[in-house]
Amino acid sequence: MSHNGFMAPHINTFGHSFRNYDAESERQKGVEEFYRLQHTHQTYDFVKKMREVYGKLDKCEMGIWECCELLNQVVDESDPDLDEPQIEHLLQSAEAIRKDYPNEDWLHLTALIHDLGKILNLPQFGGLPQWAVVGDTFPLGCAFDEANIHHKYFKDNPDYNNPFYNTKNGIYTERCGLDNVVMSWGHDDYMYLVAKENGTTLPQAALFVIRYHSFYPLHKEGAYAHLMNEEDAENLKWLKIFNKYDLYSKSKVRVDIEKVKPYYLSLIEKYFPAKLRW
Ligand SMILES: O[C@H]1[C@H](O)[C@@H](O)[C@H](O)[C@@H](O)[C@@H]1O
Ligand SMILES: [Fe+2]
Ligand SMILES: [Fe+2]
């Protein structure tokens, strides 16, 4: 890669390695408490209900850039690596991936929008609690894999003792494809839904990246791989590429928003309608 490429740092803003969920700090306690709540309350029934409610897309009409600006009001309590406004994270990851993949404009836009679903936390979008918006994601309807961070907190989840849900395959069959798997509810699945239902012309790989970017147990640890079909395996290659820029671009180096805005507006126009239903 040329010297102009993106260089992934080894430590985060707080002097720890990235995604270090055990480092002792004030911030870490909040993150762990976040996962206690998330693992306790995300159940199969809860997700089914959320998919139905938000599938209506009747909360608001707005454009993509408008949403980027709105996202600045959201604080993510699950993230041990980031305390910048969310719009910084969107632009930092998009600009980082753009450096290394200058011709894949769909990847730049994918990075820009991948976290927009976090607006679920805002009152106008139902004001969902943090545990139903952010954090790593995992399948419901089958056993919780040990690869999930803070796995111990699943023991208070009602699904944990449900015999239909607590075997390796649970309600699924091997290689059924991730599209058939019910994932914990949050910003990933919601933004996937919004993009798809509003008729984006982004490629399938982009939708996959948006939908599973928080599924670290799969894309980082290889857990749940038996649920993937061939198409998922292809798309996973892009997700692994994307992840580097999502995670390691989190830094204090600010992007000049006004300077890059025209470029991203042109991408939004290329791949999305002017107004979307949310
Ligand atoms: O804390 C992070 C969150 O900030 C990210 O947006 C999400 O995608 C991650 O998977 C999660 O663990
Ligand atoms: Fe995310
Ligand atoms: Fe992100």
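Think of each chain on its own: its residues are numbered from 1, step by step along the sequence as written. All chains are assigned letters beginning with A, and all ligands numbers beginning with 1, in the order in which they are written. With the structure being a predicted model, the display of local features is reserved for residues of pLDDT at least 70 and the display and counting of side-chain atom pairs for 80 or more, all residues being used for whole-chain, interface and lining totals.

Q: So what exactly am I meant to see when it comes to the UniProt feature "binding site: Fe cation" (unreviewed entry) in the protein here?
A: UniProt positions are given in the numbering used here, feature names are shortened, and annotations may be inferred rather than shown by experiment. When the UniProt feature table is mapped onto this chain, "binding site: Fe cation" (unreviewed entry) is found at His89, His114, Asp115, His187, His213 and Asp246. Inspection of the secondary structure puts histidine 187 in helix α6 (residues 187-197). By the convention adopted here, residues make contact when the C-beta atoms placed from their backbones lie within 7 Å. What histidine 187 contacts, discounting residues up to four positions off in sequence, is Asp115, Gly117, Lys118, Leu120, Val133 and Val134. Runs of H or I in DSSP of at least four residues are treated as helices and runs of E of at least two as strands, each being numbered from the N terminus.

Q: Help me understand the UniProt feature "binding site: substrate" (unreviewed entry) in the protein, please; the structure alone is not making it clear to me.
A: Per the UniProt record, the feature "binding site: substrate" (unreviewed entry) sits at Arg19, Asp76, Glu77, Ser78, Lys118, Gly135, Asp136, His213 and Ser214. Discounting residues that sit within four places of it in the chain, glutamate 77 has contacts with Gly30, Phe34 and Gln130. As for its placement among the helices and strands, histidine 213 is situated in the loop between α7 (204-212) and α8 (216-219). Residue class for histidine 213 comes out buried when judged on the 25 C-beta atoms lying within 10 Å of it. When neighbours within four sequence positions are excluded, histidine 213 is seen to be in contact with His114, Asp188, Leu239, Phe242, Asn243 and Asp246. Comment: burial labels come from other C-beta atoms within 10 Å of the residue's own C-beta, placed from the backbone, where a count of 20 or more is buried, 12 or fewer is exposed, and between is partly exposed.

Q: I tried to follow α7 on my own but got confused; where do I start?
A: Residues lying three or four places apart along an α-helix face the same way, a consequence of the helix completing one turn every 3.6 residues. Counting buried positions over the nine residues of α7 gives seven, a clear majority of the element. Inspection of α7 places Ala205, Ala206, Phe208, Val209, Ile210, Arg211 and Tyr212 among the buried residues, and these make up the whole buried set.

Q: Explain the packing of helix α5 (residues 105-113) against helix α10 (residues 257-271) here, please?
A: The angle between the axes and the distance between the axes are what describe a pair of packed helices. Angles here are taken between N-to-C directions and fall from 0 to 180 degrees, while the axes themselves are lines fitted to C-alpha atoms, restricted in helices to the stretch in contact. Where α5 meets α10, the closest approach of the two axes is 10 Å, and the angle between their N-to-C directions is 100°. The angle between α5 and α10 places the two elements in the roughly perpendicular class. Contact with α5, carried on its side by Asp105, Trp106, His108, Leu109 and Leu112, involves Tyr264, Leu267, Ile268 and Tyr271 of α10 and no other residues of that element. Just so you know the grouping, Ala, Val, Leu, Ile, Met, Phe, Trp, Tyr, Cys and Pro go in nonpolar, Asp, Glu, Lys and Arg go in charged, and all remaining residues, Gly too, go in polar. Class assignment of the residues belonging to the contact of α5 with α10 gives a composition of seven nonpolar, one polar and one charged. The scheme is simple: roughly parallel for angles under 35 degrees, roughly antiparallel for over 145, roughly perpendicular for 65 to 115, oblique for anything else.

Q: Teacher, can you tell me more about the packing of α6 against α7 here?
A: Orientation of α6 relative to α7, taken along the N-to-C sense of each, is 150°, at an axis distance of 6 Å. Regarding the angle of α6 to α7, the classification is roughly antiparallel. Listed contacts from α7 to Asp188, Asp189, Met191, Tyr192, Ala195 and Lys196 of α6 are Leu207, Ile210, Arg211 and Tyr212. When grouped by side-chain class, the residues that make up the contact of α6 with α7 number six nonpolar, no polar and four charged.

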